[in-house]
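Single-letter residue listing:
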Amino acid sequence: MEKARVIQEYVPGKQITLAHIIRNPRKELCEKIGIDHQGAIGILTITPGEGSIIAADIASKSASVRVEFVDRFTGCLLISGDVSSVENSLRSIVAFFGSKLLFSSTEVTFS
C-alpha cells in the first residue's frame, strides 16, 4: 500500500487569530511565563508578525497595561494589567486592525 504524502504550507494573511484574556491568573502561571502577578493577562497572535509591534503600541497607549512580551517573528503579544485595562487594550487592537488595516479578526475571549 502506498503512503499518502501530505504537504502543509503556512500562508500568512492579515489576521488576528487569537485575542484572549486570562482573568485572575494563578501566581504559578505568572511565574512560569516570567511575568509579575497581575489581574489579567492578554494574549494575541497576529500575522504578519510585524503587526505585533503595532499592537503593542496600541495596547500601551489605550490603557494602563504592561507589554510583557512582543515577538515580531511569531506575531505573539503578551500584556498584563487589571482586567478592564487588558480588555480595553485588546478591544482597541482588534478594532484598529479591523477598521484601519482591514485585517480579519476573531472575538476577544476570556477564561
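Read on for a plain summary of the structure. Computed from a predicted structure; not experimentally measured.

## Some remarks on helix H2 (residues 51-62)
Helix length check: H2, at twelve residues, gives a terminal C-alpha distance of 16 Å against a target of 16 Å (1.5 Å per residue), a fit within 8%. Residues of H2 that are buried include every one of Gly-51, Ser-52, Ala-55, Ala-56, Ile-58 and Ala-59, and no others. Looking straight down H2, one finds that the buried residues subtend no more than 165° of arc, so they occupy a single side. In this fold, the buried residues of H2 make contact with strand E2 (40-47), strand E3 (66-71), strand E4 (76-81) and helix H3 (83-99).

## What to know about a nonpolar patch on the surface
On the surface, a nonpolar cluster with roughly 210 Å² of combined accessible area is contributed by Ile-53, Val-67 and Val-70. Along the chain, the position of Val-67 falls in strand E3. Residue classification places Val-67 among the partly exposed positions, given a relative accessible area of 32%.

## Observations regarding the pairing of E3
In the sheet, E3 pairs with E4 via five bridges, with the strands oriented antiparallel. By the bridge assignment, Asp-71 is partnered in E4 with Cys-76.

## Some points on the packing of aromatic side chains
Throughout the structure, instances matching the rule amount to two aromatic pairs. Both rings, one in Phe-96 and one in Phe-97, keep their centres 6.0 Å apart while their planes meet at 75°; by these two values the pair is edge-to-face. Classification of Phe-97 by relative accessible area gives buried; the value is 0%. Ring geometry for Phe-97 against Phe-103: centres 4.8 Å apart, planes inclined by 85°, an arrangement best described as edge-to-face. One aromatic cluster in this structure is built from Phe-96, Phe-97 and Phe-103.

## Brief notes about H3
Here H3 spans 24 Å end to end across 17 residues, near enough to the 24 Å set by a 1.5 Å rise per residue. Inspection of H3 places Ser-85, Val-86, Ser-89, Leu-90, Ile-93, Val-94 and Phe-97 among the buried residues, and these make up the whole buried set. The buried residues of H3 all sit within an arc of 165° when viewed along its axis, so they share a single face. Opposite the buried face of H3, at more than 90 degrees from it, the exposed residues are Ser-84 and Ser-99. Those residues of H3 that are buried are in contact with strand E1 (15-23), E2, H2 and E4.

Rules behind the numbers
- Residues numbered from 1 in each chain as written.
- Predicted model: local features only at pLDDT ≥ 70, side-chain atom pairs only at ≥ 80, totals over all residues.
- Heavy atoms only, no water.
- Helix = DSSP H or I, 4+ residues; strand = E, 2+ residues; numbered from the N terminus.
- Expected span 1.5 Å × (residues − 1).
- Buried < 20%, exposed > 50% of the residue type's maximum accessible area, 1.4 Å probe, protein only.
- Arc of directions from axis to C-beta.
- Contact = heavy atoms within 4.5 Å.
- Patch = residues over 30% accessible without salt bridge, like charges linked within 9 Å, V, L, I, M, F, W, Y side chains within 5 Å.
- Areas by Shrake-Rupley, 256 points an atom, 1.4 Å probe, with all protein chains shown as cover.
- Salt bridge = Lys/Arg side-chain N within 4 Å of Asp/Glu carboxyl O.
- Pairing = 2+ DSSP bridges.
- Phe/Tyr/Trp six-rings, centres within 6.5 Å; stacked < 30°, edge-to-face > 60°.

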